[in-house]
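Read off the chains here:
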Amino acid sequence: QVRLVESGGGLVQAGGSLRLSCAASGRTLSIYTMAWFRQAPGKEREFVAWFSGIGRNTFHADSIKGRFTISRDNANSTAYLQMNSLKPEDTAVYYCAASPRLAFTSPRAYDYWGQGTQVTVSL
């Protein structure tokens, strides 16, 4: 089993920055892909970015490309999401996810989920 714990959410003004962290514990060597998703009230869970093991490849959703950056510290089994130039439409609960396989943008591809951290962007 893998346990994921997110932190770093909060309230920020539009144009500001936040850095989310996702600490993994348990069978962390089994993790191949780590990702971030978000879910706003009344909306479906939305893919944000993933980071895969081989080649250290990353992929970011078009909606956040150029503003958010995913990174991963394998030594500490931690994933990060640096969020810059935040907009009110970025307001959501942000979830960390992990998979033992190469996974992409579908939530169904991920086996493990954190509890989520709230990000609120005000005008």
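Remember, predicted model here, so these are calculated numbers, not experimental data.

Q: How do you make sense of the overall build of the protein chain when you look at a structure like this?
A: Helices and strands together make up the secondary structure of the protein chain, namely 0 helices and 11 strands. Along the protein chain, from the amino end to the carboxyl end, the secondary structure elements read β-β-β-β-β-β-β-β-β-β-β. Principal-axis analysis of the C-alpha atoms gives the protein chain an extent of 40 × 25 × 25 Å. A burial count over the protein chain gives 44% of its 123 residues as buried. For the protein chain, the proportion of contacts with a sequence separation of at least 24, taken over those separated by at least 6, is 56%. About 6,400 Å² of surface is accessible on the protein chain, with carbon and sulfur atoms providing 51% of the total.

Q: In this structure, what is going on with unusual backbone geometry? I would like to understand it.
A: Note: most peptide bonds trans; most residues except glycine with negative phi. Residues other than glycine seldom take positive phi values, yet Ser85 does so here, at roughly 50 degrees. On the secondary structure map, Ser85 appears in the loop between β8 (78-83) and β9 (92-99). Classification of Ser85 as partly exposed rests on a relative accessible area of 41%.

Q: Explain the sheet that holds β8 here, please?
A: Think of a sheet as strands paired side by side through backbone hydrogen bonds, with each pair either parallel or antiparallel. Read from one edge to the other, the open sheet built from 4 strands follows the order β1-β3-β8-β7, with strand pairing classed as antiparallel. Strands with a single pairing partner mark the edges of an open sheet, and in this sheet they are β1 (2-7) and β7 (68-73). Averaged over neighbouring strand pairs, the angle between their axes works out to 15 degrees when direction is ignored. When β7 meets β8, the two strands line up antiparallel, connected through 6 bridges. Bridge assignment links Thr69 to a residue of β8, and that residue is Gln82.

Q: It is not clear to me how the packing of aromatic side chains should be interpreted in this structure. Could you clarify?
A: Geometry of an aromatic ring pair is reported as the spacing of the ring centres plus the angle between the planes. Counted by the stated rule, this structure contains 8 aromatic pairs. Ring centres 5.1 Å apart and planes at 55 degrees place the aromatic pair Phe37 and Trp113 in the tilted group. With Phe37 in strand β4 (residues 33-39) and Trp113 in strand β10 (residues 112-113), this pair connects stretches of sequence that are 76 residues apart. Relative accessible area serves as the criterion here: at 0%, Phe37 is assigned to the buried category. Taken together through their ring pairs, the aromatic side chains of Phe37, Phe47, Trp50, Phe59, Tyr95, Phe104, Tyr110 and Trp113 make up a single cluster. The lysine or arginine in question, Arg19, covers the ring of Tyr80, its NZ or CZ lying 4.0 Å from the ring centre. When the ring centre of Trp113 is taken as reference, the NZ or CZ atom of Arg45 above it lies at 4.8 Å.

Definitions and limits used
- Residues numbered from 1 in each chain as written.
- Predicted model: local features only at pLDDT ≥ 70, side-chain atom pairs only at ≥ 80, totals over all residues.
- Heavy atoms only, no water.
- Helix = DSSP H or I, 4+ residues; strand = E, 2+ residues; numbered from the N terminus.
- Buried < 20%, exposed > 50% of the residue type's maximum accessible area, 1.4 Å probe, protein only.
- Contact = heavy atoms within 4.5 Å.
- Areas by Shrake-Rupley, 256 points an atom, 1.4 Å probe, with all protein chains shown as cover.
- Pairing = 2+ DSSP bridges.
- Axes fitted to C-alpha atoms, helices over the stretch in contact; angles between N-to-C directions.
- Phe/Tyr/Trp six-rings, centres within 6.5 Å; stacked < 30°, edge-to-face > 60°.
- Lys NZ or Arg CZ within 6 Å of the ring centre and 35° of its normal.

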